[in-house]
Amino acid sequence: MQRTADAVIIGGGIMGASCGHFLAKADIGSVVLLERRTLAAVSTGHSAANVRCSYSNKVTVELALRAMDMFENDREELGGPTGFRRTGQLILYGPEHAEIGRQVLANEARHGTGTREIGVDEALEIAPQLSPHGIAMACHQRRAGYADPVRTTRTLVETAERFGLRAHEGVGARGIMAAGGRVTGVETDQGRIDTPLVINAAGPWGGRVGASSGLACSIRWSRESDLVVEAPAGFGALPIVADPICHVYFRPHGDGGVLAGLDYPKELEPLDIDDYAPALDAATRARIESGLFRRLPALRGARLVKGWASIYTITDDWHPVVGAEPELVGYYACFGGSGHGFKLGAPIGESLAAVITGATPRVDLHALRPTRFAEGQPITSAWGSGNRA
Ligand SMILES: Cc1cc2nc3c(=O)[nH]c(=O)nc-3n(C[C@H](O)[C@H](O)[C@H](O)COP(=O)(O)OP(=O)(O)OC[C@H]3O[C@@H](n4cnc5c(N)ncnc54)[C@H](O)[C@@H]3O)c2cc1C
């Protein structure tokens, strides 16, 4: 392994892969990515990977819109295939959510996302499998879809190798070295790499990696699960559906499957990020299936194909921390995606690379700066805490 680099990225999930891709493309010299397991091994590889733009604050909707452009044109924008399938998205609101729904819609309208409020009848025309239970209002976004998160991560890394990215799987970073308030290197399992620039994209371990150079970041973690059931013959095509009424989200999965997970608000499920059971547990399965079968009665009794548990990494306002830390020149944070970090990863990497190289970022990332909490400027969301924002 090389002993010097112009930049080192710690973590090979979607955030690290995207930062590596766009930094290498920006021609900054040698870029090394360290992933102590395999690419996309943790949150990214277990993501539902929904790409949608129904968000209530400026920075998230701007990033999500950019993500939709990138996934729709993945070969040109991201270097190759991402498995993106455009399905459209329906959001179902009960009477208790209608005010939030209109706030989200108003924010989307300011950004021209094209999301429309539609009647229940039209929602049922788009997805006739849905039970109308409790729906007071619905919105439709035709450009939304979902991607293959492992394929996306590998594409970003593999196609940047020709621009100078060197990715090392199975190599962990032990700490960031600094002197005189500047990054000087990264200590790895295989020795030291001298570098003036480090991006901390260590996902759930982002707080600890930052702490290795004295930087504090408040992080919580929650165990989050998805499952896939087999749809019966003739079930038909589905869009992505966000269903706060039945507390679930779901979408098609491959050919003939339906993937589902729990919608917030729900209690956080704290876990030990170094030692947690990666299997779907019976209680969570029952909760997801209860909401899913209420909304999609034709799935009752459907065979469980698979299920899993992984990690949400949650900052104090549920939005990622991205950008420089004034106390340590050459250090950039890029973690804390909670439930929306997959879709935001590619545009965040693109704009962070622009910030680092002095170019104009496509999306202004200032709102995500790590210092926003100390400055009393957290990001707000109409939904409050959770996987809607
Ligand atoms: C069940 C579930 C469903 C989700 N659904 C969606 C969705 O539909 N849409 C969406 O946008 N988002 C979704 N998310 C959220 C999204 O998946 C995450 O926010 C995103 O994947 C986080 O990416 P990351 O790169 O920050 O972290 P990770 O993918 O966890 O990557 C961090 C990597 O860093 C590595 N690492 C850590 N420490 C070190 C070290 N010291 N040295 C080297 N490597 C290190 C880890 O091994 C890991 O591979 C979902 C998440 C879950 C769990």
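Just above, that's the structure.
Residues numbered from 1 in each chain as written. Predicted model: local features only at pLDDT ≥ 70, side-chain atom pairs only at ≥ 80, totals over all residues. Heavy atoms only, no water.

### Considerations on the side chain of Asp317
Structurally, the position occupied by Asp317 is in the loop between strand E18 (304-314) and strand E19 (321-325). A polar side-chain atom of Asp317 sits 2.8 Å from a polar atom in the side chain of Arg372. A polar atom in the side chain of Asp317 sits 2.7 Å from the backbone nitrogen of Ile379. Those residues within four positions of Asp317 in sequence are excluded, and the remaining contacts are Arg372, Phe373, Pro378 and Ile379. (Helix = DSSP H or I, 4+ residues; strand = E, 2+ residues; numbered from the N terminus. Polar contact = N/O pair within 3.5 Å; in protein donor to acceptor, adjacent residues only side chain to side chain. Contact = heavy atoms within 4.5 Å.)

### Quick notes on the pattern of salt bridges
Within this structure, the stated rule accounts for 24 salt bridges. The salt bridge partner of Arg66 is Glu77, with a shortest N-O separation of 2.7 Å. Placement of the pair is Arg66 in helix H2 (residues 58-72) and Glu77 in helix H3 (residues 74-77), with a sequence separation of eleven residues. Overall, the relative accessible area of 6% leaves Arg66 in the buried class. Note that Glu117 and Arg102 form a salt bridge whose closest N and O atoms lie 2.9 Å from each other. One end of the pair, Glu117, is in strand E6 (residues 116-118); the other, Arg102, is in helix H4 (residues 98-110), with 15 residues separating them in the sequence. Looking at Arg102, the relative accessible area reads 44%, which means it is partly exposed. (Salt bridge = Lys/Arg side-chain N within 4 Å of Asp/Glu carboxyl O. Buried < 20%, exposed > 50% of the residue type's maximum accessible area, 1.4 Å probe, protein only.)

### Some thoughts on the sheet that holds E6
Read from one edge of the open sheet, eight strands run E6-E7-E5-E15-E16-E17-E14-E18, paired in mixed fashion. Here the strands that pair on one side only, and so sit at the sheet edges, are E6 and E18. On average, each strand axis in the sheet is tilted by 20° relative to the strand beside it, whichever way the strands run. Set on the sheet, H4 makes contact with strand E5 (89-93), E6 and strand E7 (137-141); between it and E7 the angle comes to about 25°. (Pairing = 2+ DSSP bridges. Axes fitted to C-alpha atoms, helices over the stretch in contact; angles between N-to-C directions.)

### Considerations on the pairing of strand E20 (residues 328-335)
Moving residue by residue along a regular strand, the side chains alternate between the two faces of the sheet. Counting buried residues along E20, seven of its eight residues qualify, which places the element largely inside the surrounding structure. Relative to E20, strand E13 (residues 198-200) is paired through three bridges, and the arrangement is parallel. In the sheet register, Ile199 faces E20, and the bridge partner there is Tyr332. Looking at chain direction, E19 and E20 are connected through five bridges and run antiparallel. The residue of E20 that forms the bridge with Ala324 is Tyr332. Hairpin connection between E19 and E20: a loop of two residues separates the two successive antiparallel strands.

### What about the environment of Gly185?
Looking at where Gly185 falls in the secondary structure, it is placed in strand E11 (residues 182-188). Look at Gly185 and you get buried, because its relative accessible area is 0%. For the pair Gly185 and Ala160, spaced 25 residues apart in sequence, the C-alpha to C-alpha distance is 22 Å. Leaving out residues up to four positions away in the same chain, Gly185 has contacts with Gly175, Ile176, Met177, Arg192, Ile193, Asp194 and Thr195.

### Describing the packing of aromatic side chains
Aromatic ring pairs are described here by two measures, namely the spacing of the ring centres and the angle between the planes. The full count for this structure, using the stated rule, is five aromatic pairs. Between Tyr93 and Trp383, the aromatic rings sit 6.1 Å apart at their centres with planes inclined by 10°, giving stacked as the arrangement. Separated by 290 residues along the polypeptide, Tyr93 in strand E5 and Trp383 in the segment after helix H9 (341-357) bring together distant segments of the chain. As far as burial versus exposure is concerned, Tyr93 and Trp383 are alike and both buried. With 6.0 Å between their ring centres and 15° between their planes, Tyr264 and Tyr312 make a pair best called stacked. Taken together, the residues Tyr264 in the loop between strand E17 (257-262) and helix H8 (282-295) and Tyr312 in strand E18 connect sequence positions 48 residues apart. For Tyr264, a relative accessible area of 3% translates into the label buried. Aromatic rings pair up to connect Phe71, Phe84 and Phe342 into one cluster. Positioned over the ring face of Trp205 is Arg36, at 4.5 Å from the centre of the ring. The ring of Tyr146 carries Arg251 above its face, with NZ or CZ at 3.9 Å from the centroid. (Phe/Tyr/Trp six-rings, centres within 6.5 Å; stacked < 30°, edge-to-face > 60°. Lys NZ or Arg CZ within 6 Å of the ring centre and 35° of its normal.)

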